[in-house]
Amino acid sequence: MNENLDHILSEAKNHVSSAPTKEELERLRVHYVGKKGVITSLLHQLKDLPAEKRKEMGARLNDVKVNVEKVLKLRQSELSRKDLEEQLANAPALDLTLPGQYSTSTGSLHPITRVMEEFIQIMKRIGFSVATGPEVELDYYNFEALNTPEHHPARDMQDTFYIEPPILLRSHTSPVQIRAMKNKKPPLQLIAPGKVYRADYDMTHVPMFHQIEGLMVDEHISFADLKGVLHYLVKGLFGARPLRFRPSYFPFTEPSAEVDMQCISCRGSGRDCRVCKSTGWLEIGGCGMVHPNVFRHVGYDPDKVSGFAFGMGMERIAMLKYGIDDIRSFFENDLRMLEQFSC
Ligand code: DAH
């Protein structure tokens, strides 16, 4: 039986390792170690042997079985690799430039973000740096240091969101002027973009909106500098347009003005114009020369330095730029609206 086993093993090894196909390999597996296979039947016959012989033969037979299974497995993986290589060799070339099966949608910038970015880039070109300040602010920075008296209507609980006096949500970006000036000696040339909050809600007002503040302080800064900067800014945003400075009042500037831009729709004619309500002009912000009291609050000497400041609402600018009627549509997150301004 021993020689017989040696023979079976060497024959199995020969056949298996040269099996040309998986089918042939399977046939050999069944032949040797299948339920009725050669080796399996010999295992069954063990019980007929005398006990001492049975042990020795059992071990030997098992050894043969393990060896045969090993070569079967080896040949199996050789044939699999061969199959794969053939498949790859015969497959059409893989076109890596084909578009994917699934598309992912890419987000885009919100129109307000776009306008703010544009604004910032224009101002950076003429040397303005960007400053920021907290949205949760103190009464002192939002009002007091900006020369805004106790009885001023903006201080009213109904206009300003108070967290708990003197803590509030800033109602404009002007407090950043104070923080910047307290931090640095003149000269100063900065803009402060950010969110501001007011208790307001209609077609042209929302409780949270965006402003950009501008501030320039040095010796001999005049209203002419303010006009020059605003003309440059408007030219960058809308193309060159006439501006009008209408006398106005802000506690933190003196003199103060409202800045109007010639209407982009009727070009100033005012004829039947819905955009400018037939006035020929569009208000785009407030401005003025920094009030001496504001300088005193931050420790600047109003006899030595002068400066201008301005503030603009970004939603207003975006509405004019893109012809949007209702400010609320910026915040309804309707993609059909927002996608029109993506790039
Ligand atoms: N802070 C003002 C507002 O929110 C806008 C403004 C007006 C800012 C005049 C200024 C300025 O810096 O000089 O209505």
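Above: the structure in question.
Just so we're clear, the structure is a prediction, and the values are computed from it rather than from any experiment.

Criteria and cut-off values
- Residues numbered from 1 in each chain as written.
- Predicted model: local features only at pLDDT ≥ 70, side-chain atom pairs only at ≥ 80, totals over all residues.
- Heavy atoms only, no water.
- Pairing = 2+ DSSP bridges.
- Helix = DSSP H or I, 4+ residues; strand = E, 2+ residues; numbered from the N terminus.
- Contact = heavy atoms within 4.5 Å.
- Axes fitted to C-alpha atoms, helices over the stretch in contact; angles between N-to-C directions.
- Near = heavy atom within 4 Å.
- Polar contact = N/O pair within 3.5 Å; in protein donor to acceptor, adjacent residues only side chain to side chain.
- Areas by Shrake-Rupley, 256 points an atom, 1.4 Å probe, with all protein chains shown as cover.
- Buried < 20%, exposed > 50% of the residue type's maximum accessible area, 1.4 Å probe, protein only.

## A word on the sheet that holds strand β10 (residues 306-313)
Then step 1. The 7 strands lie next to each other as β1-β5-β6-β10-β9-β8-β7, forming an open sheet whose pairing is mixed. Two strands bound the open sheet, and with one partner strand each, they are β1 (129-130) and β7 (243-250).
Then step 2. Note: strand β9 (residues 281-290) against β10, 4 bridges, orientation antiparallel. Note that in β10 the partner of G286 across the bridge is G311.
Then step 3. Strands β1, β5 (188-197), β6 (208-218) and β10 of the sheet are contacted by helix α5 (residues 111-125), whose axis makes an angle of about 5 degrees with β6.

## A look at the site of the ligand
Then step 1. The immediate surroundings of the ligand are formed by 15 residues, with H172, S174, R198, Q211 and E213 found nearest.
Then step 2. The separation between an oxygen atom of the ligand and a polar side-chain atom of R198 is 2.7 Å.
Then step 3. When the ligand is considered free in solution it has 350 Å² of accessible area, and contact with the protein chains removes 89% of it.
Then step 4. Within the residue set of the shell around the ligand, elements represented by two or more residues are β6, β9 and β10.

## Focus on unusual backbone geometry
The phi angle of most residues is negative, glycine excepted, and most peptide bonds adopt the trans form.
Then step 1. A cis geometry characterises the amide bond from P165 onward to P166, with omega recorded as 5 degrees.
Then step 2. Note that the residue after E254, namely P255, is joined by a cis bond; omega there is -5 degrees.
Then step 3. Looking at where P255 falls in the secondary structure, it is placed in strand β8 (residues 253-262).
Then step 4. Not every positive phi belongs to a glycine, and N147 is a case in point at roughly 60 degrees.
Then step 5. Structurally, N147 is set in the loop between α6 (139-142) and β3 (162-164).
Then step 6. We classify N147 as partly exposed; its relative accessible area is 22%.

## Points about the environment of H31
Then step 1. Within the secondary structure layout, H31 lies in helix α2 (residues 22-33).
Then step 2. A relative accessible area of 37% places H31 in the partly exposed class.
Then step 3. Taking the C-alpha atoms as reference, H31 lies 89 Å from G239; in sequence the two are 208 residues apart.
Then step 4. Once residues lying within four places of it in the same chain are set aside, the contact partners of H31 are G37 and V38.

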